[in-house]
Each structure stands twice: as C-alpha cells, then as structure tokens.
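Okay, here's what each chain looks like letter by letter:
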Amino acid sequence: LATPPSLYETVPLNLKGVALNLEGMEMEGMKSGSRRIIVEKPFGYDLESAVKMNSVLKSVFNESQIFRIDHYLGKETVQNILALRFANSIFEPIWNRHYIESVEITAVENMGIEDRGGFYDGVGALRDMVQNHLIQLLALVAMEPPVIFGEQEFRDEVVKVYKSLKPLSDQEIPARVIRGQYIAGEKRGEMAKAYREEKGVRHDSQTETFLAMRVDISNWRWEGVPFFIRTGKQMPTKVTEIIIHFRQTPHRLFSCRDNCPEQNQLIIRIQPNEGIVLKYDVKIPGSGFNVQQVPMEFTYDKIGELSDDAYSRLIEESLSGDSTLFTRSDAVEASWNYFDKVLRFWENHPETPLYGYPAGSWGPLESEQITGSEKGWTNPCKNLTNTNLYCEL
C-alpha cells in the first residue's frame, strides 16, 4: 500500500470484495497462489485508529499475510545490533542495570521537511519517527534473547519490551518529553527558513519537528536505567546512532591530565559511516599513572559492501513469507498504548511549551535537562564525511 494512509482501510476491503485476499482457492480452473499485503507506516494516527486499522486488516487477511513494513528493520546495521548482543559472550553478562548507566538513541536530519509540509504538519516528530523507528531501536537494545531466532520468538520478545515501558503520568510528561519546532537560523553559511514558513505548513502550527524524551523500562534487566530518545529536523548533521553508557568504576585509582575520561561507552552507528566504537581507558606513556580514553573502532566497509536498500531487503523477505522483520499487530497497539498518553496530554494541555530552536542547532536547550547530566546529550560529529566514528564536536 504505497498510498495515502486514508486508503489503508479502503483498499483491503475492496480487495476482499473481489476475493483477492483468499489463498488456495480455485479461480477459473486454477489454484491461486499466496496473498500478501505490505502496509507502509504510519500504522495508525493514535491508539484508537491503530486498533481500528488492525481490525480491518485482520477481517480481510490472516496475520501471516500482513507485512507492516518499516525500513529501519531492513537496515543491515540495525540487524547487527542483535548479532553484537547475542553472538558475543563478552557483552551479554554486562548488558543490564548493574553495568549500564543509561542509553542514548539519536536519529536526526540536517534538512527540513522539504516539500512534505502538507503531510508532516498533521504528523509531527513523535508519529513520524519516535513511535515506530526509534522505539524499535530501543526494543532491539532492550529485548531478551529469544529461545531460537524464529519470527514468532523474535517478535514475542519485542512485544514484551513494549509492554514493559513504564507509563508516563501527566505530572511526568512536561519534564520527560520536550518538544520543539525549528525557527530561522544559519546553516553552513546560509539562512534556513523557519518551519512555519515552509510550504503547506500552517502559520500558527503547533507541530513538533524535534522531540526528546526519557523512557523507562520496568523489568528485571532494565529497572532504573533511563533510555533517552531524540529526533529532530534541521540539525547540524544527519546521523542515527545508539550510545551505551556504562557505569563508572566504583573507585578511581588513577589520575589524568586535563579532563578525566568519561565512563566507557559503546557507540553503534546506524547511519552514515556504519560501525561500532568501544571507548575505554589506557595509561598514557611516560612517568606516572595518567590515563586517557581511546577508541576501538570497527566500520562495516571493512567486511565488504552493505546489503541492498532496506526496502528491497524487506520486500524480498515478504515474498518469501518471512515476517521476522515486520511489525505484528500486538506490537503496534502496545507501542501506541504508551505514546497515546503523550498525544492526549498535548491535546488536553495546549499550553504545553513548544520550544523554538534555530535551524542548524541541536534543538532547544530545555532538552538538555532530560538527561540529568551536566554535559547533556552526546552530540555526534558534525563532519561525517570520513570513516572515523570517534570524533568530537
């Protein structure tokens, strides 16, 4: 369904009207083949519409025939999160609340909405990026290892994560969910216009182009570990990455020159310059025991070209009937069940701040407070033209 979302219910019902949803039936003396429907996001506009959409789809097709496609799960580097976690014994014992202090997930773009104002102004960052792409990245980081790598078992573990998301109360939302909208600003020496000046956007639009929030998971592995999610338009660069912040050692034995190293970090770069960096401390050569932080770096171009376009990969999977990398109906509803509360809060409290941030910046300063750290968010490098993932602003 490469159609407007308003047709996501109309098309399946009309397919049913001419029996194009049925498998294995005799048609003009021939037995029909497989019947599969691929549905592009958004999977609903809120919880109510998602439930209705799932109801319509399942009244026409079996769940095994429905492929809700999200290109993020088709990315090779996203799938490699699972290999990193579950194929390496050095990570699994420390992948929990005892050793991990926090997790950052950032997916930002260095452009505006281009010519999609008519679409984007009715959607916003939460619906466009957070409720689907970023929460799926969170699920891959947080999920338990499935018993076997089968489509049912894998998707069961994803749903468990969604159901473990700790609901936000009305008192918590203003402090834990910060939304923003870009205003005019300078980018690469040129002035970029404000969101409300974009074609197709209302002049008094309250649509967020930036969202930062804290998510907590209530289960044995992650209790007390905050997951920080951030997305935005008109940022300084385009990058998607996950940063695992490990806890400090219980006692600092060594001194350091200049600034002392931060705690160890594992950086998973989804795009661009796909790769993984582990930051750890070593002794500086010479007298004394001064330490500094160095990177152990891997980039995927070292083991050959990445696979084809994510959509191509997923369409191929749907043709073979493998639904592992597609979103199941209960996952859609469990995700919306969490985020719907935020949408309802904004609706019922129109006075909730929508902070302006200049195009070319890292978003509203108010978002720094979410992390509870003096340093705030970890901003990726502005210059991503080389293959070195370890760099500072």
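### As for the side chain of Asp70
Step number 1: Topologically, Asp70 is positioned in the loop between β4 (66–69) and α3 (76–86).
Step number 2: This buried residue, Asp70, is left without a salt bridge; Lys41 holds the nearest opposite charge, at 6.7 Å.
Step number 3: Within the structure, Asp70 has its side chain in polar contact with the side chain of His133 (distance 2.7 Å).
Step number 4: Each residue touching Asp70, except ones within four places of it in the same chain, is listed here: Asn132, His133, Gln136 and Leu314.

### Quick look at the layout of surface pockets
Step number 1: Of the volumes computed, that of the second largest pocket is approximately 410 Å³.
Step number 2: Around the second largest pocket, the lining is made up of 25 residues, and of these His71, Glu109, Asp128, Met129 and His133 lie nearest the centre.
Step number 3: Taken together, the elements giving at least two residues each to the lining of the second largest pocket come down to β5 (100–108), α4 (117–120), α5 (124–142), β10 (226–232) and β11 (239–246).
Step number 4: Considering each element in turn, the lining of the second largest pocket owes the most residues, four residues, to α5.

### Considering the confidence of the model for the protein
Step number 1: Taken as a whole, the protein shows an average pLDDT of 88; of its residues, 91% reach a score of 70 or greater.
Step number 2: Long-range and interchain partners of residues 382–393, a stretch whose pLDDT sits below 50, account for 37 contacts in this model, where long-range means more than four residues apart.

### Structural notes on the sheet that holds β10
Step number 1: With respect to topology, nine strands assemble into an open sheet ordered β14-β13-β12-β11-β5-β10-β9-β6-β15, the strand pairing being mixed. Looking at the sheet topology across the chains shown, the edges are occupied by β14 (291–299) and β15 (355–358). Within this sheet the neighbouring strands show an average axis-to-axis angle of 20°, counted without direction.
Step number 2: Running over the sheet, helix α9 (residues 329–348) touches β6 (177–183) and β9 (210–216) and is turned about 130° from β9.

### Description of helix α6 (residues 151–164)
Quick reminder: α-helices carry 3.6 residues per turn. Residues three or four places apart thus point the same way.
Step number 1: The end-to-end C-alpha distance of α6, which contains 14 residues, comes to 20 Å, matching closely the 20 Å that a straight helix rising 1.5 Å per residue would cover.
Step number 2: Where α6 is concerned, the buried positions are Phe154, Arg155, Glu157, Val158, Val159, Val161, Tyr162 and Ser164.

### Some remarks on the pairing of strand β12 (residues 265–271)
Step number 1: Judged by how many residues are buried, β12 sits mostly within the fold: seven of seven residues are covered.
Step number 2: Here six bridges tie β11 to β12, and the two strands are oriented antiparallel to one another. Each residue of the ladder has a partner; that of Glu241, found in β12, is Arg269.
Step number 3: In this structure, β12 lies alongside strand β13 (residues 275–283), joined through five bridges in antiparallel fashion. By the bridge assignment, Leu266 is partnered in β13 with Leu278.
Step number 4: Counted between consecutive antiparallel strands, the loop separating β12 from β13 contains three residues, among which Asn273 sits at a positive phi close to 45°.

### Some points on the packing of aromatic side chains
Step number 1: Enumeration over the complete set of coordinates arrives at 11 aromatic pairs.
Step number 2: A ring pair is formed by Phe228 and Trp377, whose centres lie 6.1 Å apart and whose planes are at 75°; its orientation type is edge-to-face. Residue Phe228 is located in strand β10, and its partner Trp377 is located in the segment after β15; the two are separated by 149 residues in the primary sequence.
Step number 3: A cation sits over an aromatic face here: Lys75 above Tyr72, 5.5 Å from the ring centre.
Step number 4: A cation sits over an aromatic face here: Arg127 above Tyr45, 3.5 Å from the ring centre.

Conventions and cut-offs
Residues numbered from 1 in each chain as written. Predicted model: local features only at pLDDT ≥ 70, side-chain atom pairs only at ≥ 80, totals over all residues. Heavy atoms only, no water. Helix = DSSP H or I, 4+ residues; strand = E, 2+ residues; numbered from the N terminus. Buried < 20%, exposed > 50% of the residue type's maximum accessible area, 1.4 Å probe, protein only. Lys, Arg positive; Asp, Glu negative; His and termini not counted. Salt bridge = Lys/Arg side-chain N within 4 Å of Asp/Glu carboxyl O. Polar contact = N/O pair within 3.5 Å; in protein donor to acceptor, adjacent residues only side chain to side chain. Contact = heavy atoms within 4.5 Å. 1 Å grid on protein atoms, 1.4 Å probe; cavity = no way out; pocket = protein on both sides within 12 Å on 5 of 7 lines; lining within 4 Å. Points joined across faces, edges and corners; volume = space filled by probe spheres on them. pLDDT = per-residue confidence, 0-100. Pairing = 2+ DSSP bridges. Axes fitted to C-alpha atoms, helices over the stretch in contact; angles between N-to-C directions. Expected span 1.5 Å × (residues − 1). Phe/Tyr/Trp six-rings, centres within 6.5 Å; stacked < 30°, edge-to-face > 60°. Lys NZ or Arg CZ within 6 Å of the ring centre and 35° of its normal.

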